[in-house]
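Now for the letters of each chain:
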Amino acid sequence: MEYTQLGRTGLKVSRLVLGTMNFGPQTDEATSHAIMDAALDAGLNFFDTANVYGWGENKGRTEEIVGSWFAKDPAHRDKVVLATKVYGNMGADGEAWPNHDKLSAVNIRRAVEASLKRLNTDYIDVYQFHHIDRRTPFEEIWQAVEVLIQQGKILYAGSSNFPGYKIAQANETAARRGMVGLVSEQCLYNLYERRAEMEVVPAAQDYGLGVIPWSPLHGGLLGGVIRKETEGGRRATGRAAETLADPAARARLQAYEDLLDKHGVDPGETALAWLLTRPGVTGPIIGPRTPEQLTGALRALELDLGEELLASLDEIFPGPGPSPEAFAW
């Protein structure tokens, strides 16, 4: 396993991040534990979750599964860099209550205590804001974070789905308070969706945040979706099906799969390996539903794409270009 620093911190994390969103909704507790066992055995030490995972009536269930895994062997906790998130309303669907969501000081305090209980731990390594809160000022957010750091309940703060200007606002406000500020940004970023390169990734690099891409296979589109549809009869659903219905998008994905067939490499592993070559990226989040999917994702760490293949991928999926040149001059 390769390790790197998380942004400008001294914290060492694996180049792949274990995403747990499927634990509960799609993967039962026993299999989830087996996946976490295998990940730790492989040296993967960065685990990501969120308080709302489990979704619907089962919000919090994913954190509970991670917590029960820690309870089985307390030594696991010291080996794992644990990240979770706050923002979404934790009330059951249709029972949302004021001040039980977003980033007010009162909700941050409540959410941390609830996550700690579900996760069966007394601290969270990286506490992430799951979305921007347009109404709560960063002065209030950082006040709440400062108290939690002093209490030893969280060690670092990170963001998720922040635009570049909010990363700047957050860290400038933190600097005025003498605080470290955000140390990571978890954003939608993959070969197909590269808009983060315009503003988010440069902002993260300038402020020393580690970039943690989510949906590295873009909902399965970069995992050989056309081949699976043709050979196995597996029809795409949801966002993937909508994308494939666009002839231009389907042609790009077909070109992608044809290119990788020519080079003899797996599409999903290639998409992960590509992200590992991107400036500023700490590691993409993988979300295996089975131990076998984890094994496939780990192979991406050993894949050397080479300059020719990287150039060909850029031709199929060109990035937006730097800001402001991408939209101005």
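Because the structure is a prediction, the values reported are computed rather than measured.

Looking now at the layout of surface pockets. The computed volume of the largest pocket comes to approximately 1,500 Å³. Looking at the largest pocket, it is lined by 48 residues, and the ones nearest its centre are L217, G219, G220, G287 and R289. When contributions to the lining of the largest pocket are tallied by element, the ones reaching two or more residues are α8 (225-231), α9 (238-244), α11 (267-276), β10 (285-286) and α12 (291-298). Considered as a void within the structure, the second largest pocket measures approximately 270 Å³ in volume. Together, 13 residues line the second largest pocket, and F162, L188, R195, A196 and V200 are the ones closest to its centre. With three residues, the top contributor of residues to the lining of the second largest pocket is strand β8 (residues 182-188). A class-by-class count of the residues in the lining of the second largest pocket yields seven nonpolar, two polar and four charged.

The contact between helix α5 (residues 138-150) and helix α6 (residues 164-176) brings their axes to 10 Å, and the two run at 60 degrees. Relative to α6, the element α5 lies oblique. Between α5 and α6 the crossing geometry is right-handed. Between α5, through F138, E139 and W142, and α6, the contact on the second element is made entirely by K166, Q169, A170, T173, A174 and R176. Here the residues of the contact of α5 with α6 sort into four nonpolar, two polar and three charged.

Thresholds, definitions, all that
Here the residue index of a chain counts from 1 through its sequence in written order. The predicted origin of the model limits local features to residues at a pLDDT of at least 70 and limits the giving and counting of side-chain atom pairs to 80 or more, whereas totals for whole chains, interfaces and linings rest on all residues. No hydrogens and no water enter the side-chain calculation; it runs on all heavy atoms of the structure. In this analysis the probe radius is 1.4 Å and the grid spacing 1 Å, with only protein atoms considered; a cavity is a set of points the probe fits into but cannot get out of, a pocket is an open set with protein on both sides within 12 Å along at least five of seven lines, and lining residues have an atom within 4 Å of a point. Grid points are joined across faces, edges and corners, and a volume is the space filled by probe spheres set on the points. Strands are runs of DSSP state E lasting at least two residues, helices are runs of H or I lasting at least four, and both sets are numbered from the N terminus onward. Three classes are used: nonpolar for Ala, Val, Leu, Ile, Met, Phe, Trp, Tyr, Cys and Pro, charged for Asp, Glu, Lys and Arg, and polar for all others, with Gly counted as polar. Only the stretch in contact is used when a helix axis is fitted, and all axes are lines through C-alpha atoms; the angle between N-to-C directions ranges over 0 to 180 degrees. Working rule for angles: under 35 degrees goes down as roughly parallel, over 145 as roughly antiparallel, 65 to 115 as roughly perpendicular, anything else as oblique. Should the near helix be turned counterclockwise from the far one by less than a right angle, the crossing is left-handed, whereas a clockwise turn marks it as right-handed. Residues are treated as being in contact if the distance between any of their heavy atoms lies within 4.5 Å.

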